[in-house]
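Here's the letter readout for the chains.
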Amino acid sequence: MTQQPQAKYRKDYKAPDFTITHIDLDFDLQASMSRVIAKSRVTQQVTGADSMFLDGDALSLQRVEVNGQPWPHYEETSEGLHLSQLPSEFDLEIETHIDAAANTLLEGLYLSDGAYCTQCEAEGFRRITYYLDRPDVLAKFTTKITADKAAFPFLLSNGNNVGAGELSDGRHWVQWDDPYAKPSYLFALVAGDFDLLSDKFKTRSGRDVALEIFVDKGNLNRAEHAMTSLKNSMKWDEDRFDLEYDLDIYMIVAVDFFNMGAMENKGLNVFNSKYVLANSDTATDTDYLGIEAVIGHEYFHNWTGNRVTCRDWFQLSLKEGLTVFRDQEFSSDLGSRAVNRINNVRIVRGPQFAEDRSPMAHPIRPEKVIEMNNFYTLTVYEKGSEVIRMMHTLLGEENFQRGMKLYFERHDGTAATCEDFVKAMEDASDADLAQFRLWYSQSGTPELTVTSDFDDKANTLSLTVKQYTPSTADQKEKLPLLIPFDIELYAANGDVIELQRNGVAVDNVLRVTEAEQTFVFDNVEENPVISMLREFSAPVTLNYEYSDEDLAFLMVHARNEFARWDAGQMLLAKHIKANVARVQAGETIIFPEEVVDAFRGVLLSEELDVALIAEVMTLPSENEIGGWFDVVDVDAIHQVRDAIKLSLSTALADELSALYHSLNQRTYTITHESIGKRSLRNVCLGYLALGEQGNALVSAHFETANNMTDTAAALAAATHAELTNRDAVMAAFSDKWQHDGLVMDKWFLLQGCNPSVGALDNVKAQMSHPAFSLKNPNRTRSLIGVFCNNNPVHFHEKDGAGYKFLSDILIQLNESNPQVASRLIDPLLKFKRFDSDRQSLMRAQLERLALLDNLAKDLYEKINKALEV
Ligand code: B3K
Ligand code: ZN
């Protein structure tokens with residue numbers, strides 16, 4: 001590395017000396033190189049300023065003009081263009097050449113299967129032209145695109161199509177005008193040949209909006225669900241948030257080569273095809289729900305992100321945390337609130353909590369960044385959403401919506417900060433969020449330790465709550481937070497005991513604000529069972545000495561579905577932890593009959609929603625379990641989890657089998673009810689696959705499946721149960737689908753998490769499969785990402801071969817696509833969580849990577865943090 005990458009700090013924010021109010025872009029797309037002419041209107045913001053620095057990366061500069069005259073006062077650096085001796089207001093014209101075909105980074109302008117597309121967030125626009133590539137510079141964009149008409153019949157950009165024409169040489173052009181000022185990261189251009197699904201939406205004020213979804217040729221029959229999801233999103237945002245769409249057209253383009261899920265460019269979203277394409281043959285129910293969520297997420301950004309954007313990238317959670325909260329509410333309003341909450345909580349408790357314990361720990365509003373792309377994290381997104389959710393819990397829906405209104409009144413059309421959002425919430429509701437603000441600046445996972453004391457003379461219940469946040473890699477000292485702690489008390493007969501203080505009913509959401517605090521409730525006539533942290537009311541861990549009986553009681557009597565699921569998880573957690581200790585001490589695994597009975601009760605319940613039963617029966621992942629220990633013993637965890645699964649399978653075989661058969665649906669529909677039934681039936685299949693009839697049952701399931709959910713469930717059951725028919729069903733699937741990378745991702749994923757001996761060699765072998773390519777981020781994540789993240793026993797094999805394999809891959813990706821490399825490296829960063837032998841093997845690979853002389857900023861930042869003492 002020639003020059004060490006420099007960090008930026010939140011505290012150093014400074015408004016720009018000049019701003020750009022208008023930019024006219026003119027693209028001439030050619031096979032060998034593309035020409036970009038950018039004409040900007042620049043105005044001074046700070047009196048006396050006469051120089052400015054424009055960001056630029058991998059550009060070939062052709063000319064610079066100021067007010068129509070060639071401008072000699074510039075200097076090119078590796079990071080951009082320094083212009084000097086500038087007047088206070090001027091027109092700037094810059095011509096650059098870029099090579100889209102050579103762009104493997106998938107950032108800036110690149111080719112995806114013959115179509116040009118762009119990705120500019122966070123700092124990709126600087127790979128298109130020299131610019132003030134920062135989110136607080138808001139300009140009105142016009143875009144002219146010229147390209148060969150036969151190869152690129154569709155030429156798309158943000159805003160409205162305002163002109164088009166043909167040229168004599170077979171080329172054509174289209175002109176776009178976006179009436180809303182925006183930062184450069186929301187710019188988009190797409191040029192290609194697609195199939196187009198068109199529809200329209202009438203907004204509640206009566207405007208017609210044209211809806212257009214562009215997909216690869218031949219995929220029109222997979223775009224319908226995305227369109228329905230888009231219309232549902234538009235309607236939901238009007239109904240729940242009072243927000244209406246603001247342009248006459250909304251376009252979505254699906255591409256196969258994309259570094260993440262999707263991108264909310266104004267009026268022209270670019271999506272990973274994974275989050276657009278679906279039909280019953282190719283997509284699972286999870287895919288359908290994922291598409292609904294991501295289409296919603298990007299649409300909701302139109303207000304939370306685009307109309308009000310971020311002042312600087314440290315404020316990313318302003319748009320991401322809020323928009324995740326909105327998409328979670330959308331999915332919950334349309335589907336099962338409990339199942340959505342469970343799945344969101346699994347992500348926070350699993351990988352987000354793990355991030356807090358890693359060298360990359362950061363608050364939802366980071367303080368220091370080297371490569372911004374490294375901060376599109378679970379902390380900024382998922383914990384960010386939990387922080388918004390806590391405000392929603394504390395203020396209530398009505399006040400929260402008042403806060404949203406005020407936020408838009410104050411900040412529409414501007415670049416705002418997280419503080420602006422909290423202030424709007426506070427001012428609209430008269431709440432005091434002073435202490436709550438710490439959630440934005442303090443990193444780490446708070447631990448709540450609760451003890452209860454029932455006084456049968458005074459009929460009082462005292463709850464003592466201690467909060468403690470362990471130090472994190474980025475921050476030693478921690479302060480007490482305001483934690484909304486939602487509880488409910490139950491009598492032995494299942495009745496709810498009202499929470500009272502001094503005889504007056506009090507809210508279920510306790511405000512925990514001190515390091516230690518005691519809450520006393522009166523008129524409690526019997527020692528109650530306490531449901532705590534209901535709905536996961538704060539992103540914290542909970543320690544409370546529950547008895548098995550109390551947890552089994554809550555699984556039946558808790559009034560809310562989430563709490564019932566959570567009681568089941570706590571019951572499992574108790575026994576998993578105890579058994580890991582037993583295995584480590586060389587003792588045998590014990591899983592008591594009473595615990596099995598609690599799960600039998602759930603399977604037999606006639607009142608519980610089937611989708612919820614499926615969730616209750618799903619064991620926590622090995623990674624989540626790993627998070628409960630200081631030193632992660634991957635082998636013991638795997639052994640215990642497998643043994644418990646087998647115990648449940650054996651003891652509950654009759655109940656599982658009866659449910660499996662009764663849940664069979666003749667016809668395939670995608671309603672929430674039928675998704676729930678398939679989900680439980682396939683969970684039953686996963687257990688039954690471990691029994692004597694496993695092979696026969698899974699083969700029959702595979703043969704008779706009339707949709708991808710069931711097909712994929714058969715493959716998964718065969719894989720996890722290591723059935724002898726596994727190779728046969730996997731081969732049949734590959735024969736049928738090897739032409740379709742997106743479908744094959746389900747297959748690569750199962751190769752990645754294959755528990756059998758020789759898993760790593762198998763993963764290496766599958767890299768030569770005709771459908772695999774390291775150039776495609778989806779394939780890479782499915783096979784290699786899943787192996788390294790979701791196959792802990794084999795990734796962490798004691799010889800260190802898994803670690804070496806990952807760093808060999810990272811060496812390749814460091815050059816071709818550092819953004820993907822930087823996501824893939826995460827399991828290696830966590831080396832301190834393992835035993836000392838594994839630690840040194842993992843560290844050695846990080847040290848090997850650190851020595852690369854062309855190490856990208858992305859990897860540099862993470863490796864350096866991990867290796868810091
Ligand atoms: N805003 C984009 C993510 C951009 C990631 C840049 N590395 C998608 C989203 O969150 O909606
Ligand atoms: Zn987003």
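Residues numbered from 1 in each chain as written. Chains lettered and ligands numbered in written order. Predicted model: local features only at pLDDT ≥ 70, side-chain atom pairs only at ≥ 80, totals over all residues. Heavy atoms only, no water.

- As annotated in an unreviewed UniProt entry, the protein carries the name Aminopeptidase N and is attributed to Enterovibrio gelatinilyticus.
- The UniProt entry for the protein carries the following text under Cofactor (unreviewed entry): "Zn(2+)". (UniProt positions renumbered as here; feature names shortened; annotations may be inferred.)

## Re the pairing of strand E33 (residues 529-532)
Next up, step 1: Covered by surrounding structure in E33 are Val529 and Ser531 together with Ile530 and Met532, the residues of both alternating faces.
Next up, step 2: One ladder, built from 4 bridges, connects strand E27 (residues 483-490) with E33; its direction is antiparallel. Directly across from Leu489, in E33, lies its bridge partner Ile530. (Buried < 20%, exposed > 50% of the residue type's maximum accessible area, 1.4 Å probe, protein only. Helix = DSSP H or I, 4+ residues; strand = E, 2+ residues; numbered from the N terminus. Pairing = 2+ DSSP bridges.)

## Things to note about the pattern of salt bridges
Next up, step 1: Counted by the stated rule, this structure contains 73 salt bridges.
Next up, step 2: Salt-bridge contacts for Asp26 lead to Arg35; the nearest nitrogen and oxygen are separated by 3.6 Å.
Next up, step 3: Residue Arg240 is joined to Asp333 by a salt bridge in which the shortest nitrogen-to-oxygen separation is 2.9 Å. One end of the pair, Arg240, is in helix H1 (residues 224-241); the other, Asp333, is in helix H3 (residues 316-334), with 93 residues separating them in the sequence.
Next up, step 4: On the basis of relative accessible area, Asp333 is assigned to the partly exposed category, the value being 37%.
Next up, step 5: Several salt bridges share partner residues, and in doing so they unite Arg204, Arg207, Asp242, Glu244, Asp248 and Lys405 into one network. (Salt bridge = Lys/Arg side-chain N within 4 Å of Asp/Glu carboxyl O.)

## Observations concerning the site of ligand 1
Next up, step 1: Around ligand 1 sit 14 residues in total, of which Glu121, Glu264, Glu298, Asn373 and Tyr381 are the nearest.
Next up, step 2: One nitrogen or oxygen atom from the side chain of Glu264 is found 2.8 Å from a nitrogen atom belonging to ligand 1.
Next up, step 3: Between ligand 1 and the protein, one listed contact pairs an oxygen atom with a side-chain N or O atom of His301 at 3.2 Å.
Next up, step 4: For ligand 1, the accessible surface in isolation is 340 Å², of which the surrounding protein chains cover 95%.
Next up, step 5: Elements with a contribution of two residues or more to the shell around ligand 1: strand E20 (262-263), helix H2 (285-300) and H3.
Next up, step 6: Residues that form the shell around ligand 1 fall into these classes: 5 nonpolar, 4 polar and 5 charged. (Near = heavy atom within 4 Å. Polar contact = N/O pair within 3.5 Å; in protein donor to acceptor, adjacent residues only side chain to side chain. Areas by Shrake-Rupley, 256 points an atom, 1.4 Å probe, with all protein chains shown as cover. Nonpolar A, V, L, I, M, F, W, Y, C, P; charged D, E, K, R; others polar.)

## What about the coordination of the zinc ion (ligand 2)?
Ideal geometry at a metal centre gives angles of 109.5 degrees when four donors are arranged tetrahedrally and 90 or 180 degrees when six donors are arranged octahedrally.
Next up, step 1: Within the protein, the atoms that donate to the zinc ion (ligand 2) are His297 (NE2), His301 (NE2) and Glu320 (OE), at distances of 1.9 to 2.0 Å.
Next up, step 2: All donor residues of the zinc ion (ligand 2) come from one chain, and their arrangement in sequence is H-x3-H-x18-E. Exposure class is identical for His297 and His301. Each is buried. (Donors = N, O, S within 2.8 Å, 3.2 Å for Na, K, Ca; no water.)

## Details of the packing of aromatic side chains
A ring pair, where both rings are aromatic, is described by two values, the distance of the centres and the angle of the planes.
Next up, step 1: Using the criterion set out here, one finds 34 aromatic pairs in the structure.
Next up, step 2: When the ring of Trp236 is compared with that of Phe300, the centres are 5.0 Å apart and the planes differ by 50°; the resulting orientation is tilted. With Trp236 in helix H1 and Phe300 in helix H2, this pair connects stretches of sequence that are 64 residues apart. Summarising the burial analysis for this pair, Trp236 and Phe300 share the class buried.
Next up, step 3: A cation over an aromatic ring shows up here: Arg326 above the ring of Phe241, its NZ or CZ 4.6 Å from the ring centre. (Phe/Tyr/Trp six-rings, centres within 6.5 Å; stacked < 30°, edge-to-face > 60°. Lys NZ or Arg CZ within 6 Å of the ring centre and 35° of its normal.)

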